[in-house]
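Spelled out from the first residue to the last, the chains are:
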Amino acid sequence: VVKEKNRMGECPVWEEREGALVYVDINSQKVCRWSPLTNEVQSVSVDARVGSVALRQCGGYVIALGTRFAFLDWDTQTTTTIFEVEHDKPNNRFNDGKVDPKGRFFAGTMAEETAPGVRARRQGALYTLFPDHSVIKQLDQVDISNGLDWSLDHRTFFHIDSLAYAVHAFSYDVHTGKIACPRLLYHLEKEEKMPDGMCIDVEGKLWVACIDAGRVIRIDPETGKRIQTVRLPASRITSCCFGGKDYSEMYVTSAYDGLDEATLAKEPQAGEIFKITGLGVKGIPQNFFAA
């Protein structure tokens, strides 16, 4: 549905108030907004790689930018830094993020590659930005902090560390925002490659984008089993979210960075954004950052 190609399209968020899909292109350092009505993509350039974007209650967006939490004012195209982490890790940057049921923004970090396929291990962490602008570290020694979401009863937090090739579940205290007691929920099979972004549907099932495997998979957290696979026409599938008028459409981002010329020739749609319909299940609206 979005033909404008992204080097590293990520973190799609359906913004009901605009009737639009908001997402980032990490490597192009842009936050983008696509309107299905006009088919137009607008974008705001920022001064560092931007790992994730989320909606703010008062309008505009909260973003995870470089190693900073920041607010983005869409109308003036300006960013305001709220909090910076990891001053001691110049090679790190923020990656995926999402707002919890109480309006706190969770986002995690990762080490950048120093050469193709080479990165320092366990340099990342997971942070929570509270509405009062305070920040706590929830997890340490993460490789690539990635997809995240919460169970429908708000008692479980789901999180992906990509290089663990797994989805983990944590107990989650909705009152404090703290997570604890990790357990393995699902380990990806060989052909599913590496897990990236993730979202939840109204039945409480998880959808995981599998980068380099050209698919999204649906997982039942109760049984820890994969129950559905949807294949897409690009291999570097990065993330997914539900949207549209009744949240029955799934939007899926992809990337073309990391593909050689031969693969790009075989995958003319690499970097585009796809819409999956007919899944027979809906998603839930995104939470707003409460400040």
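Within an unreviewed UniProt entry, the label attached to the chain reads Regucalcin, and the organism entered is Rostratula benghalensis. Its UniProt record gives the chain a comment under Catalytic activity (unreviewed entry), which states: "D-glucono-1,5-lactone + H2O = D-gluconate + H(+)". Recorded under Subcellular location (unreviewed entry), the UniProt text for the chain is reproduced unchanged: "Cytoplasm".

Visitor: Explain the overall build of the chain here, please?
Guide: Helix and strand content of the chain: 1 helix and 23 strands. Its C-alpha atoms give the chain a radius of gyration of 17 Å, within 12% of the compact-globule value 19 Å for 291 residues. Each principal axis of the C-alpha atoms in the chain carries an extent, and together these give about 45 × 45 × 45 Å. Counting every position in the chain, which comprises 291 residues, the buried fraction comes to 58%. For the chain, the share of sequence-separated contacts (at least 6 apart) that also reach a separation of at least 24 residues comes to 48%. Roughly 12200 Å² of accessible area belongs to the chain as shown, and the carbon and sulfur atoms make up 47% of that amount.

Visitor: Even after reading the chapter, I still don't get the sheet that holds strand E8 (residues 78–84), so can you show me in this structure?
Guide: Think of a sheet as strands paired side by side through backbone hydrogen bonds, with each pair either parallel or antiparallel. With respect to topology, 4 strands assemble into an open sheet ordered E5-E6-E7-E8, the strand pairing being antiparallel. The open sheet has two edge strands, strand E5 (50–55) and E8, and neither has a second partner. Each adjacent strand pair in this sheet contributes to an overall mean axis angle of 25°, direction not counted. The pairing of strand E7 (residues 68–73) with E8 spans 6 bridges and is classified as antiparallel. When the sheet's bridge partners are listed, Arg68 is paired in E8 with Glu84.

Visitor: Quick question: what am I supposed to make of the layout of surface pockets here?
Guide: Rolled over the atoms, a probe as big as a water molecule pinpoints where empty space is left. Put simply, the largest pocket is a space of about 650 Å³. If you go around the largest pocket, you meet 25 residues; those closest to its centre are Met8, Met110, Glu113, Arg119 and Arg236. Elements represented by at least two residues in the lining of the largest pocket include exactly strand E9 (92–99) and strand E17 (194–200). Here the element with the most residues in the lining of the largest pocket is E17; it accounts for 3 residues. Its residues assigned to classes, the lining of the largest pocket comprises 9 nonpolar, 6 polar and 10 charged.

Visitor: Would you explain the pattern of salt bridges in this entry?
Guide: Two side chains of opposite charge can pair, provided their charged atoms sit close to one another. What the rule picks out here adds up to 19 salt bridges. Across the pair Arg68 and Asp47 runs a salt bridge whose closest N-O atoms are separated by 2.9 Å. A residue pair is termed long-range when its members are at least 10 positions apart, and Arg68 in strand E7 and Asp47 in the loop between strand E4 (40–45) and E5 qualify at 21 residues. Here Arg226 and Glu189 are joined by a salt bridge, their closest N and O atoms 3.5 Å apart. Taken together, the residues span a long stretch of sequence, with Arg226 in strand E20 (residues 225–231) and Glu189 in the loop between strand E16 (179–187) and E17 at a distance of 37 residues. A relative accessible area of 32% means that Arg226 is categorised as partly exposed.

Visitor: Looking at this structure, I do not really get the sheet that holds E20. What am I missing?
Guide: Ordered by their spatial adjacency, 4 strands build an open sheet running E17-E18-E19-E20, and the pairing between neighbours is antiparallel. Each edge of the sheet is formed by a strand with only one pairing partner; in this case those strands are E17 and E20. Mean inter-strand twist for the sheet, computed between neighbouring axes without regard to direction, equals 25°. Relative to strand E19 (residues 215–220), strand E18 (residues 206–211) is paired through 5 bridges, and the arrangement is antiparallel. Residue pairing across strands places Trp207 opposite Arg218, the latter belonging to E19.

Visitor: Would you mind going over the pairing of E19 with me for this structure?
Guide: Walk down a regular strand and you will see the side chains alternate between the two sheet faces. With respect to burial, E19 is a largely interior element, 6 of its 6 residues being buried. By the alternation rule, side chains of E19 split into Arg215, Ile217 and Ile219 and Val216, Arg218 and Asp220, which are all buried. Count of turn residues in the E18/E19 antiparallel hairpin: 3 residues, of which Asp212 carries a positive phi of about 75°. Between E19 and E20, which pair antiparallel in sequence order, lie 4 residues; one of them, Gly224, sits at a positive phi of approximately 70°.

Visitor: What should I look at first to understand empty space enclosed by the protein in this one?
Guide: For the coordinates displayed, the defined rule picks out 1 cavity of 30 Å³ or more. Taken as a whole, the largest cavity encloses approximately 110 Å³ of empty space. Looking at the largest cavity, it is lined by 16 residues, and the ones nearest its centre are Cys11, Pro12, Val13, Gly97 and Lys98. Contributions of two or more residues to the lining of the largest cavity are made by strand E1 (9–15), E5, E9 and strand E21 (237–243). Of the residues forming the lining of the largest cavity, the biggest block, 4 residues, is contributed by E9. A per-class count over the lining of the largest cavity returns 10 nonpolar, 4 polar and 2 charged.

Parameters and conventions
Counting restarts for each chain, with residues numbered from 1 along the sequence as it is written. Thresholds applied to this predicted model are a pLDDT of at least 70 for local features of residues and 80 or more for the giving and counting of side-chain atom pairs; totals over whole chains, interfaces and linings are not thresholded and use all residues. Each side-chain value is derived from all of the structure's non-hydrogen atoms; neither hydrogens nor water enter the calculation. UniProt positions are given in the numbering used here, feature names are shortened, and annotations may be inferred rather than shown by experiment. Numbering of helices and strands starts at the N terminus; helices are DSSP runs of H or I of at least 4 residues and strands are runs of E of at least 2. When we talk radius of gyration, it's over C-alpha atoms, and the globule rule is simply 2.2 Å times the number of residues to the 0.38. Remark: exposure states derive from per-residue accessible area (1.4 Å probe, protein chains only) relative to the maximum for the residue type, with buried under 20%, exposed over 50%, and partly exposed in between. Contacts are residue-level and defined by heavy atoms, with any inter-residue pair within 4.5 Å sufficient. What sets the accessible areas is the Shrake-Rupley method with a 1.4 Å probe; for residues, cover comes only from the shown protein chains. Strand pairing is assigned whenever DSSP detects at least two bridges linking the two strands. Only C-alpha atoms enter the line fits that serve as axes; for helices the fit covers just the stretch in contact. Angles between N-to-C directions range over 0 to 180 degrees. Using a 1 Å grid laid over the protein atoms alone, points where a 1.4 Å probe fits but cannot get out form a cavity; open sets with protein on both sides within 12 Å along at least 5 of 7 lines form a pocket; any residue with an atom within 4 Å of a point counts as lining. Grid points are joined across faces, edges and corners, and a volume is the space filled by probe spheres set on the points. Note on residue classes: Ala, Val, Leu, Ile, Met, Phe, Trp, Tyr, Cys and Pro are nonpolar, Asp, Glu, Lys and Arg are charged, and everything else, Gly too, is polar. Any carboxyl oxygen of Asp or Glu that lies within 4 Å of a side-chain nitrogen of Lys or Arg is treated as forming a salt bridge with it.

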